[in-house]
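Next come the chains, spelled out residue by residue.
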Amino acid sequence: MNMEKIEDFLPSQRETDLVFFVNGKKVIESSPNPEWTLLWYLRKKLQLTGTKYGCGEGGCGACTVMISQYLEHEKRVNHMAVNACLTPLCAVHGLAITTVEGIGNVQDKLHPVQERIAKAHGSQCGFCTPGIVMSMYALLRNKIKINYDDIETSLQGNLCRCTGYRPIIEGFKTFIEVTEGATENQKTTHCPMGKDCCKFNQNNEDVLFNKSEFQPYCPTQEPIFPPELILNNIYRKSFLFYKGNNVVWIRPQNLKDILILKKEYPCSKIIVGNTEIGVEVKFKNKSYPILISPKLIKEMNNILVKESCIEIGAAVSLKDVEDFLRNQIHESKEKVKVLNAIRDILHWFAGSQIRNVASIGGNIVTASPISDLNPIFMACSANIIISRFDRGVRKLVIDQNFFRGYRNVALDDDEIILAIEIPFTDDMQFFKAYKQARRREDDISIVTAAFNVILDKQNHFVKEAKLCFGGMGPITVCAFKTSETLKNLPWDEDMVNKVFKSLNDELLLSISAPGGMHEYRKSLCLSLFFRFYIYVLNEVKCIGLENNNKDLCGSSELPRLKPKSSQCFEIKVKNKINHNAVGKPIPHMSSMKQATGEAIYCDDVVSVEGELFLCLVFSSESHAKIVSIDFTEALLEPDVVAFFSASNLSKELNKMGPILKDEKIFSDKIVTSRSCVIGAVVAKSEYAARKAKHLVKITYEKLQPVIISIEEAILQGSFYDGYPRKIEKGNVKKALLHSKHVVEGYIRSGAQEHFYLETISAYAMRKEDELEIICTSQNPAEIADTAAKVLGIPNHKVVAKVKRIGGGFGGKETRAAVLAIPVALAAYNLKKPIRAVLDRDEDMQLTGYRHPMLIKYKVAFNDDGKIAAVIYDVYANAGNYMDISCSMLERAIAHVDNCYYIPNIEVNGYLCKTNMPSNTAFRGFGAPKAMLAAETMIRKIADILGKKYEEIVDINIYKEGNLTHFNQKLTYCTLGRCWKECIELSDYWHRKQLVEDFNRSHRWKKRGITMVPTKYGISFHTDLLMQGGALLLVYNDGSVLLTIGGIEMGQGLFTKMIQVASQVLQVDVSKIHISEMATDKVPNSQPTAGSMSSDLYGMAVIDACNTINNRLEPYKTSNPNGRWEEWVFAAYLDRVCLSATGFYAARKIEYNRETNVGDLYEYFTYGVACSEVIIDCLTGDHQVLRTDIVMDVGESLNPAIDIGQIEGAFVQGYGFYTMEEMLFAPTGEVISKGPGAYKIPGFSDIPKEFNVSLLKGAPNPRAVYSSKAIGEPPLFLAASVYYAIKEAIKAARSDAGFDMEFTLDVPATCARIRMACEDHITEQVKPTIMKKGTPWNVVP
Ligand SMILES: Cc1cc2nc3c(=O)[nH]c(=O)nc-3n(C[C@H](O)[C@H](O)[C@H](O)COP(=O)(O)OP(=O)(O)OC[C@H]3O[C@@H](n4cnc5c(N)ncnc54)[C@H](O)[C@@H]3O)c2cc1C
Ligand code: FES
Ligand code: FES
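Residues numbered from 1 in each chain as written. Chains lettered and ligands numbered in written order. Predicted model: local features only at pLDDT ≥ 70, side-chain atom pairs only at ≥ 80, totals over all residues. Heavy atoms only, no water.

**Things to note about the overall build of the protein chain**
The line we're drawing: Going along the chain from the N terminus, every DSSP run of H or I of four or more residues is numbered as a helix, and every run of E of two or more is numbered as a strand. The globule rule is 2.2 Å times the number of residues to the power 0.38, and the radius of gyration it is compared with is taken over C-alpha atoms. The rule is simple: take the accessible area with a 1.4 Å probe, protein chains only, and divide by the maximum for that residue type; under 20% is buried, over 50% is exposed, in between is partly exposed. In short, Shrake-Rupley with a 1.4 Å probe defines the accessible areas, and a residue's cover is counted only from the protein chains shown. Lys and Arg are tallied as positive, Asp and Glu as negative. Neither His nor the chain termini are counted. Working definition for charges: the position is that of NZ of Lys, CZ of Arg, CG of Asp or CD of Glu.
Looking only at helices and strands, one finds 38 helices and 45 strands in the protein chain. By the compact-globule yardstick of 34 Å for 1340 residues, the protein chain fits well, its C-alpha radius of gyration being 31 Å. Taken along its principal axes, the extent of the C-alpha atoms in the protein chain is 95 × 75 × 70 Å. When each of the 1340 residues of the protein chain is scored for burial, the buried share is 66%. Total accessible area on the protein chain stands at roughly 46,700 Å², and carbon and sulfur atoms take up 51% of it. On the protein chain, the mean spot of the 157 positive side-chain charges and the mean spot of the 156 negative ones are 0 Å from each other.

Put into structure tokens, the structure is as follows:
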């Protein structure tokens, strides 16, 4: 391709400057590189770091900014939220960009959106906050009166991993109240106190936030759109040509120009939303040298209503299509059935940021087999209008011949799509499209189905039919034979059975077909047709339904409901004085900065001249010998500076690992998983480093076996040395022998990815012979310690700092070292600042997960249901290195009892050594998986005895003074109270009755309701970790700088510590600041983990404050009416030392592993949850209708933070138990490497009613200010959803005549739920799956 010649085909009058506005300021970029994204430009060139990188693939919303554009024909400005990570910089010519920094800041004034998310406690780690703020801001700029649906729709494309969304929704709902009146939340209560609830005696301190403090929102105060962009239409008209080193960007002015370019350069690409091209370039290493934007081409940007169809320009955005179909179609209901199907499906298509830019033509040409629109276009036989320079226009019907192969359509390279024609429908025509995805919102489909039938008006026989499917092969499929079979059949049950049979024969899937879930996908095709059948029956009121209203619920999907919530808590000291701060719901101290984008995270540190970027090279094999590593080609690349590998370190130094040191910093001989780091490329730019990474050639000799799953590890006897670890109590053998019932069972849970929004990053700078490392670690002291050892220098020459991290959840406790240590090594050796940020796919491949676990149990009990004995075999998939799996297993085996007294027990814990990436800590550690075993077992006992689950709980639940299976006596045990209050709070018995009534009258929707208790032990199990240090510096103006050994990751630790300091010093919280954690302020600190940090550092802070108080005592005595500032200044003048350290060492853990005696935990945190769900038996979808939680947090240090932790943990746990599924190929390759394939809960997934109540009057004598640790304990309560789903499945199975014995592994995904709701459909599908070949995926 002769790129030089391209300019010969361009007009001489062309614009080469890129002009746009950012936050009101004009930016002129005279040599824009078409490879730059808007995100890169904002962050790196303009230093506007408020906009965050979370995934780079449009899946998290952290990079959301608002783009505003003047629409000349409508004479108005349109605002839209977009993903800056997918927006090519060249696409913003003539547009105005608003970033989070442009709407408000802490010093001048926050924008109401920023203020409300911060004050409503909607920002924890804050990494998602700027993106969420900008989505909401764009909504308010576009619409004056908003309703709840608007909020939910505009936030579809934003994820938050910390808050559980509820507080964000509550904060933003206040923008609705202006038009919709007061919220229901303040008028009702679910508190067991009934009318005595604090809500009814409300003063302003008893709410989590006070709306009256919010500044009013006034749309007229918003910044104006730059007049220049309205007045100067050159921006909207000119021919653009931007030339980079590898790529050119062209924006022609008319169709002819575009067609000439396409003719001369058939390899050139039309680019519209870049939502496909962007992902292909970033993650699939594709390169497209000529990009052509059709933005000015009228023929491609219009929507026209014609006589028999509507014509939609190929470049029209999906949002504009949706709006047009919603608001501007005035045709009769009969005519618009296809259009309505498109409109409905578009609601579930990606998130709003994607829909704002993605085009309809882009979707067709991409030809993804899981496209949402193509099955519809095929089912309605839409026409596409195609143009080519020398052939003019032709029309092509979208049918089975249009899709030629995987992502390949019948379009020649020099052709473009101008528009698509979508036909109107007839009177007796019925058209529906259904999409099924792992997550209901913002997810690509598993299967999409579009059904089109025309019935005879008289007898309802089928005249025409077309059944089309996405997700059933490499292309969109028309079930041609089945469609033909349907013709001339009456619309009745016989017809359905014929269709089922025919679909089963026609849609073939084998177990190795990409996508997995083979039985499910096929069942879906049949089930969705069944849904359509009922829908049509109901529409035409055919015979068959009147007598069977129970079936009617099968015709629709689960409804969208508005969420509501309540929070019950007590504020003991009701005054406004902020130096009595303990116990008050003070917002997170950084929340304002987080909401304005001013909060600094690791990669926000300002770049300095000469800085280099480091990129890791890691294994592409799961188990292999490294034969050679050749990096010569990489080093030859311009801008590449160095390559580090094992050859840069002696064998002794090339080691790390938190406990065993069994990991190599750089692997050189053998790789044991795809997370093994082999080397690191250092270059002058991120672009160069990433490019060079692919040029490092590594040859391997594959080794066997490759063990990924627990079952395979058991088969191969692949365990870590020293296992099984046993706990034994009582006489199990005897109890088994003497019990009436002995039953076995198991529970299996999968891998959960942390998915913190900020990926692991590091920045290191050598200063003389010292090194400073800024990193995203929950354990900076360990980073500094390992770096010092690797560099061979003493610890006092290495400082590690963490200001805040964008979520950790355990994933940054040990694994942050994987990146930080190579960065430290490179910075020290090259004497240059080094920056490194893992891309999301790298992070998901390298850093491990929550351990998959298999627990087998054998339980003995008698007729009353009382447990006599249990044997548990616990198998955890530890991956290729030990990491802290041994500690995880300790917690697991100490929590297999959950809340139940087991007099005789034997626990055998195994750590499986596999070739999956080393698994690591994750909120709750081993407990949330282990406790499942006890809960599953209790329910099994109930089933076997035919008794109620609650009865079995009552008889076995721990009581005050009981001994656990590790012989710790339970004192201050509030479990019974939590249970009772949760029953009352949730109105449990009454609702259980209603659920049964519902289930009796509905066949295809079922409800389930259940309770789950939890007991979580607070301690690290290891004395060494049970210590905390603090440093308190008081300055002579009275301001206080506090540093603690723990880090802030959104959990509110810094805020709580400031509250504690303010209480002890009796100083207003505004006078106290925590800047960061740094190892040169507090040495030898331990990881911020295990929910223990408030307990440990709280005591250390008290210790430091007491020292200062003692020193100030004389000045207070001599001036009793003085102010803090006066006492401090007087002491300063007197040369009193105003800095103090504080330290706390918890009492020694007296537990003896050998004898299984002594207290293992400081105390326990208790809680109970009740959840009700509804499932769709045809698709496996579910919705949590309501969750009530009663949690004992002692006397809360900060109810807002504690409730935030409960809700956040619950939603994260909900993801674990129901949705989040890490996928691995049998080779060990990670399949789910980003938010596109790995789904964490989104805004619409939270319980539709979410009530949280903190147990009152339950002080904890064992921790700071009678509080309790809270970060991890609530996570298990989300298992209530899993068990409620099981209850609903039981109801479905009972209707279908199947027994109550079924397996439901964790997570209970839609696929597993559907397949557990066995019925006539699943029965006939299962035998048709071809079993030959290697399965597509393996469950680890
Ligand atoms: C986070 C995310 C979520 C997504 N969710 C969904 C989803 O739920 N459902 C779904 O179906 N898809 C989804 N997609 C895929 C994607 O958004 C759609 O396929 C989208 O419609 C592509 O449009 P675009 O304008 O961005 O295409 P681009 O990336 O700009 O182009 C895509 C391809 O189409 C070609 N092309 C575009 N227009 C023309 C034309 N007029 N003539 C010839 N060739 C043309 C381009 O050259 C290119 O090859 C998602 C993508 C992302 C990143
Ligand atoms: S970084 Fe852009 S959507 Fe995630
Ligand atoms: S606050 Fe949303 S990701 Fe942390």
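The rest of the description comes next.
**Digging into a nonpolar patch on the surface**
Note the cut-off: A patch is a set of surface residues, each over 30% in relative accessible area and not in a salt bridge, joined within 9 Å for like charges and within 5 Å for the nonpolar side chains Val, Leu, Ile, Met, Phe, Trp and Tyr. The term salt bridge refers to a side-chain nitrogen of Lys or Arg lying within 4 Å of a carboxyl oxygen of Asp or Glu.
Taken together, the side chains of Phe1129, Tyr1132 and Leu1133 make up a nonpolar region of the molecular surface, amounting to roughly 310 Å² of accessible area. Inspection of the secondary structure assignment puts Tyr1132 in helix α34 (residues 1124-1133). Here Tyr1132 falls in the partly exposed class, since its relative accessible area comes to 40%.

**A few points about unusual backbone geometry**
Cis peptide bonds are those with omega within 30 degrees of zero, and the linkage from Gln704 to Pro705 qualifies with -5°. Summarising the element assignment, Pro705 is placed in the loop between β27 (697-702) and α22 (710-716). With omega at 10°, the peptide bond leading from Tyr723 into Pro724 counts as cis. Counting through the fold element by element, Pro724 comes out in the loop between α22 and β28 (725-729). The residue Gln47 is not glycine, and still its phi comes out positive at about 55°. With respect to the helices and strands, the residue Gln47 is situated in the loop between α1 (38-45) and β3 (64-71). Despite not being glycine, His460 has its phi angle at roughly 65°, a positive value. Position of His460 among the secondary structure elements: in the loop between β18 (445-455) and β19 (462-470).

**Here's the deal with the site of ligand 1**
This is how it is decided: Distances are taken per atom, and a residue is near a molecule or strand as soon as one of its heavy atoms is within 4 Å of it. Any pair of N or O atoms that falls within 3.5 Å is considered a polar contact. Within protein, one atom must be able to donate a hydrogen and the other to accept it, and sequence-neighbouring residues count only if both atoms are side-chain atoms. Only Asp, Glu, Lys and Arg are considered charged, only Ala, Val, Leu, Ile, Met, Phe, Trp, Tyr, Cys and Pro nonpolar, and every remaining residue, Gly among them, polar.
Taken together, the neighbourhood of ligand 1 is formed by 32 residues, with Lys269, Ile270, Thr275, Ser359 and Asp372 sitting nearest. Within the backbone of Val272, an N or O atom sits 2.8 Å from an oxygen atom of ligand 1. Ile277 is positioned such that a nitrogen or oxygen atom in its backbone is 2.9 Å from an oxygen atom of ligand 1. Elements with a contribution of two residues or more to the shell around ligand 1: β8 (269-270), α9 (277-283), α13 (360-366) and β16 (416-423). Broken down by class, the residue content of the shell around ligand 1 amounts to 16 nonpolar, 10 polar and six charged.

**Overview of the nonpolar core**
Threshold: Grouping buried Ala, Val, Leu, Ile, Met, Phe, Trp, Tyr and Cys residues that are joined through side-chain atoms within 4.5 Å yields what is termed a nonpolar core. Should any heavy atoms of two residues lie within 4.5 Å, those residues are counted as being in contact.
Counting residues in hydrophobic clusters, the biggest one holds 288 residues, and the most contacted among them are Trp491 and Tyr872. Ranked by the residues each element gives to this core, the list is headed by helix α17 (residues 518-540), at 14 residues. Beyond its immediate sequence surroundings of up to four residues, Trp491 is in contact with Val453, Leu455, His460, Val462, Leu486, Phe529, Phe532, Tyr533, Val536 and Leu537. Counting residues in each nonpolar core, the second largest holds 81 residues, with Met80, Ile271, Leu339 and Met378 among its members.

**Considerations on the packing of aromatic side chains**
Selection rule: Only the six-membered ring of Trp is used, alongside the rings of Phe and Tyr, when aromatic pairs are assigned; centres must lie within 6.5 Å, and planes under 30 degrees apart are stacked while those over 60 apart are edge-to-face, with the rest tilted.
By the definition in use, this model includes 38 aromatic pairs. Here the aromatic rings of Phe451 and Phe532 are separated by 5.3 Å at their centres, their planes lie at 40°, and the arrangement is tilted. Here Phe451, found in strand β18, pairs with Phe532, found in helix α17; they are 81 residues apart in sequence, far enough to count as distant. In this structure, Phe451 and Phe532 share a single accessibility class: buried. Arranged with centres 4.7 Å apart and planes meeting at 15°, the rings of Tyr875 and Tyr910 form a pair that is stacked. Taken together, the residues Tyr875 in strand β35 (residues 867-879) and Tyr910 in strand β36 (residues 904-913) connect sequence positions 35 residues apart. On the accessibility criterion, Tyr875 (8% relative accessible area) is buried. By relative accessible area, which is 16% here, Tyr910 ends up buried. Connected via pairs of aromatic rings, a cluster forms that spans Tyr434, Phe451, Phe469, Trp491, Phe500, Phe529, Phe530, Phe532, Tyr533, Tyr535 and Trp1004.

**Considering the pairing of strand β13 (residues 392-397)**
What counts is decided by this rule: Here, strands pair whenever DSSP counts at least two bridges between them.
Of the strand pairs in this sheet, strand β12 (residues 383-388) and β13 are connected by six bridges, and their pairing is antiparallel. Bridging across to β13, Ile385 finds its partner in Lys395.

**Remarks on the environment of Met592**
For Met592, the position within the fold is in helix α19 (residues 591-596). The spacing of Met592 and Ile117 is 475 residues in sequence and 8.6 Å in space, taken between C-alpha atoms. With sequence-adjacent residues up to four places away left out, Met592 is seen in contact with Val106, Leu110, Ala118 and Lys119.

**Overview of the sheet that holds β28**
Sheet strands line up and pair through hydrogen bonds in the backbone, either parallel or antiparallel. Cut-off, in case you're wondering: To get an axis, a line is fitted to the C-alpha atoms, and for a helix only the part in contact is used. The angle between two axes follows their N-to-C directions and goes from 0 to 180 degrees.
Across the sheet, five strands lie side by side as β28-β36-β35-β34-β29; this open sheet has mixed pairing. The sheet is open, and its two edges are formed by β28 and β29 (741-749), each paired on a single side. Averaged over all pairs of adjacent strands, the angle between strand axes in this sheet comes to 10°, irrespective of strand direction. Where β35 meets β36, 10 bridges bridge the pair, whose relative direction is parallel. From the neighbouring strand, Val874 faces β36, where its bridge partner is Gly909.

**Remarks on the sheet that holds strand β37 (residues 1005-1018)**
On the basis of which strands lie adjacent, the open sheet formed by five strands has the order β21-β45-β44-β43-β37 and mixed pairing. Every interior strand has two partners, whereas the edge strands, β21 (564-568) and β37, have only one. For this sheet, the mean inter-axis angle between neighbouring strands, taken without regard to orientation, is 10°. In this sheet, strand β43 (residues 1163-1176) lies alongside β37 in antiparallel orientation, the contact comprising 14 bridges.

**Let's talk about the UniProt feature "domain: FAD-binding PCMH-type" (unreviewed entry) in the protein chain**
Put simply, the test is: UniProt positions are given in the numbering used here, feature names are shortened, and annotations may be inferred rather than shown by experiment.
The feature "domain: FAD-binding PCMH-type" (unreviewed entry), as given by UniProt, occupies residues 242-427 in the numbering adopted here. Overall, residues 242-427 shows 30% helix and 24% strand. The separation of its end C-alpha atoms is 52 Å.

**Observations concerning the packing of helix α32 (residues 1053-1065) against helix α33 (residues 1093-1118)**
Selection criterion: Should an angle fall under 35 degrees it is called roughly parallel, over 145 degrees roughly antiparallel, and 65 to 115 degrees roughly perpendicular, with every other angle called oblique. By convention, the crossing between two helices is left-handed when the near helix turns anticlockwise from the far helix through less than a right angle, and right-handed when the turn is clockwise.
Axis separation between α32 and α33 bottoms out at 8 Å; the angle between their running directions is 30°. Between α32 and α33, the angle is such that the two are roughly parallel. Taken as a pair, α32 and α33 cross one another with a handedness that is right-handed. Of α33, the residues touching α32 (which contributes Leu1053, Lys1056, Met1057, Val1060, Ala1061, Val1064 and Leu1065) are Ser1093, Ser1094, Tyr1097, Gly1098, Val1101, Ile1102, Cys1105, Asn1106, Ile1108, Asn1109 and Lys1116. Of the residues that constitute the contact of α32 with α33, the class distribution is 11 nonpolar, five polar and two charged.

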